[in-house]
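Results of the structural survey
Here is what each chain is made of, one letter per residue.
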Amino acid sequence: MKNAGSEINDDNFNKVKSNNSTNNKPQKKKRHNFLYVIIMGGFLFLGVSIIYMQYSYTIQLNKENENILSQIDDQNKLTEKIKNEKDYQNSDEYVEKIAREQLSLVKPDEILFFDLNK
């Protein structure tokens, strides 16, 4: 035989036990939701970081590409200038100019004058 006081205590114990078990389920669900939000936030942050890094790298590569294209353009201009100079130096006009100025040569029907005052 159980006394009346022990029955009340057993009922209270069962009520407290049942209240604790129902309260644990929402807490576990809240914990799972919180962990899910934290994990998804981490993935979102990681994704945004990767996209930003790729964007920055793309901008850097575009600047380098523009710089290289500018250098190529400069080198093409220099190449054209050298080619024109080479063509001029291979011409009869240039050979005659060098022969007159540096070697003091004249054509057969020309007379050479020297300025002695210089």
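What counts and what doesn't
Residues numbered from 1 in each chain as written. Predicted model: local features only at pLDDT ≥ 70, side-chain atom pairs only at ≥ 80, totals over all residues. Heavy atoms only, no water. Patch = residues over 30% accessible without salt bridge, like charges linked within 9 Å, V, L, I, M, F, W, Y side chains within 5 Å. Areas by Shrake-Rupley, 256 points an atom, 1.4 Å probe, with all protein chains shown as cover. Salt bridge = Lys/Arg side-chain N within 4 Å of Asp/Glu carboxyl O. Helix = DSSP H or I, 4+ residues; strand = E, 2+ residues; numbered from the N terminus. Phe/Tyr/Trp six-rings, centres within 6.5 Å; stacked < 30°, edge-to-face > 60°. Buried < 20%, exposed > 50% of the residue type's maximum accessible area, 1.4 Å probe, protein only. Contact = heavy atoms within 4.5 Å.

1. Re a nonpolar patch on the surface
Residues Phe34, Leu35, Tyr36, Val37, Ile38, Ile39, Met40, Phe43, Leu46 and Ile50 make up a contiguous nonpolar surface patch of roughly 1,000 Å² in combined accessible area. Locating Leu46 in the fold gives a position in helix H1 (residues 4-89).

2. Some details on the packing of aromatic side chains
For the structure on display, the rule yields one aromatic pair. The interplanar angle of 65° and the centroid separation of 5.2 Å between the aromatic rings of Tyr88 and Tyr94 together place this pair among those described as edge-to-face. Looking at Tyr88, the relative accessible area reads 28%, which means it is partly exposed. Classification of Tyr94 as partly exposed rests on a relative accessible area of 22%.

3. Some remarks on the environment of Tyr94
Its place among the elements puts Tyr94 in helix H2 (residues 92-101). Discounting residues that sit within four places of it in the chain, Tyr94 has contacts with Tyr88 and Gln89.

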